[in-house]
Amino acid sequence: MGFKERYERTVAEAAACCEACGRDPKSVVVVAVSKTVGADEVAEAIEAGAHDFGENRPDSLEGKRARFPQQTWHFIGNIQSRRIPDIVRDAALVHSLYQQRHVPKFDAAAAASGKVQDVLLEVNVSGEASKSGLAPSEVAGMLEYCAGFPHVRVRGLMTMAPQGDAQRARACFADLARLRDEVRLGLDGEQAAVFDELSMGMSEDWHEAIAEGATIVRIGRALFDDAFESPAHA
Ligand SMILES: *Cc1c(COP(=O)(O)O)cnc(C)c1O
C-alpha cells in the first residue's frame, strides 16, 4: 500500500471516528508528519491530497516550505531561542511552546514580520520525566503571561501521550480536553474566542484522541512508513 491509500484510509477512518462520537468530520485536521521523509515523498503526499504537514526541525521546515509554499506547515519540535525567527517565518502554527522565556522572542519575531504567530501550549499531562511541557497547573499562568504579547495568539493545547497503552493514552487526552475547557473559563472574551484547539494523537493513538476531542492529529509513521502496523483500538 502506498501513501495515497494510507492517507485516504486514514482520512476516512478519522471521519468515521468523528461520526461515531457525534462530531463533524471537518472539525479534525490531519497533519502529515513528514520529519522522516524527503521532498519527493512530500510531493507524493500533496498529490494524494495532504495539505497540512508537520516538521520538528527548523532547517527541514524551511527547506520543505520553500519547496511547497502552498501547504500549511506546522512546527512540532523542540524550540531553540535562536531559531525562533526562522520558525516564525515558516510555521502557520507552533505546537510546542512551553517556556515563558520564548514568548517575548516569538512576539518580537512575529511583530518584525508583520504577523501574529498562532501557537499551542505543550502540556506534559502524564508527568513522565522524558516529556517536555508545562505541568497542567502552570497552564493558566502561562496564558495570562501570553496575553501581554499582542503578536502571540494561543490557539489551544498540545500533548504527547504515553506510548504503548491505549487506555492510558485515552485518559491523558481526556485530561487535556478537560484542562482546555477549565482554563478557557478564566480567559477574557478575546483570548477565549480563539482558544479551542487540541493537538493530540499520533500514529498509535489518534483514534482515541479524536474520541476525546482532538482537533488536530499529528500522524507520521502510519502515513509514511510501509512497515507500520496499527494497534487495535478500543
Ligand atoms: C514524530 C512526531 C509525531 C508523529 O509520530 P508518529 O508516531 O510517527 O505518528 C507527532 N508529534 C510529534 C511532536 C512528533 O515529534
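Residues numbered from 1 in each chain as written. Predicted model: local features only at pLDDT ≥ 70, side-chain atom pairs only at ≥ 80, totals over all residues. Heavy atoms only, no water.

As annotated in an unreviewed UniProt entry, the chain is Pyridoxal phosphate homeostasis protein from Eggerthella lenta. The UniProt entry for the chain carries the following comment under Cofactor (unreviewed entry): "pyridoxal 5'-phosphate". Check the Function (unreviewed entry) section of the UniProt entry for the chain; it says "Pyridoxal 5'-phosphate (PLP)-binding protein, which is involved in PLP homeostasis." (UniProt positions renumbered as here; feature names shortened; annotations may be inferred.)

Draft legend 1. Focus on the site of the ligand. For the ligand, the full set of nearby residues is Val33, Lys35, Ile76, Met158, Met160, Met202, Ser203, Arg218, Ile219, Gly220 and Arg221. Between the ligand and Lys35, the relevant distance is 2.8 Å, taken from an oxygen atom to a side-chain nitrogen or oxygen of the residue. Separating an oxygen atom of the ligand from a side-chain N or O atom of Ser203 is a distance of 2.5 Å. Relative to its unbound accessible area of 390 Å², the ligand is 90% covered by the protein chains. For the shell around the ligand, the residue count by class is six nonpolar, two polar and three charged. (Near = heavy atom within 4 Å. Polar contact = N/O pair within 3.5 Å; in protein donor to acceptor, adjacent residues only side chain to side chain. Areas by Shrake-Rupley, 256 points an atom, 1.4 Å probe, with all protein chains shown as cover. Nonpolar A, V, L, I, M, F, W, Y, C, P; charged D, E, K, R; others polar.)

Draft legend 2. Spatial organisation of helix α7 (residues 166-185). Compared with an ideal rise of 1.5 Å per residue, which puts 20 residues at 28 Å, α7 spans 29 Å between its outermost C-alpha atoms and is within 8% of the ideal. Within the span of α7, buried status applies to Ala169, Cys172, Phe173, Ala174, Leu176, Ala177, Leu179, Arg180 and Val183. Summarising the contacts, the buried residues of α7 are in contact with α6 (139-146), β6 (152-158), β7 (197-199) and α9 (206-211). (Helix = DSSP H or I, 4+ residues; strand = E, 2+ residues; numbered from the N terminus. Expected span 1.5 Å × (residues − 1). Buried < 20%, exposed > 50% of the residue type's maximum accessible area, 1.4 Å probe, protein only. Contact = heavy atoms within 4.5 Å.)

Draft legend 3. Examining the pairing of strand β4 (residues 93-97) more closely. The buried fraction of β4 amounts to five of the five residues, a majority that puts the element mostly inside the structure. Sheet topology note: the strand β3 (residues 72-75)/β4 ladder contains two bridges and is parallel. Its bridge partner lying in β4, Phe75 is registered against Val94. Where β4 lies against strand β5 (residues 117-122), three bridges are found, and the strand directions are parallel. Residue pairing for β5: Leu97 is matched across the bridge by Leu121. The β-α-β motif built from β4, the intervening helix α5 (residues 103-112) and the parallel element β5 has right-handed crossover chirality. (Pairing = 2+ DSSP bridges. Right-handed = clockwise from strand over helix to strand, strands pointing away.)

Draft legend 4. Focus on the pattern of salt bridges. Enumeration according to the criterion identifies 19 salt bridges in this entry. Residue Glu8 pairs with Lys4 through a salt bridge whose shortest N-O separation is 3.0 Å. Note that Glu8 and Lys4 are positioned in helix α1 (residues 3-20) at a spacing of four residues, about one turn of the helix. Taking the relative accessible area as the measure of exposure, Glu8 reaches 41% and is therefore partly exposed. Under the relative-accessibility criterion, Lys4 is labelled partly exposed at 40%. The salt bridge involving Asp118 is made with Arg153; its shortest N-O contact spans 2.7 Å. With Asp118 in strand β5 and Arg153 in strand β6, this pair connects stretches of sequence that are 35 residues apart. For Arg153, a relative accessible area of 35% gives the class partly exposed. The network of salt bridges with common partners includes Asp59, Glu62, Arg65, Arg83, Asp86, Arg89 and Asp90. (Salt bridge = Lys/Arg side-chain N within 4 Å of Asp/Glu carboxyl O.)

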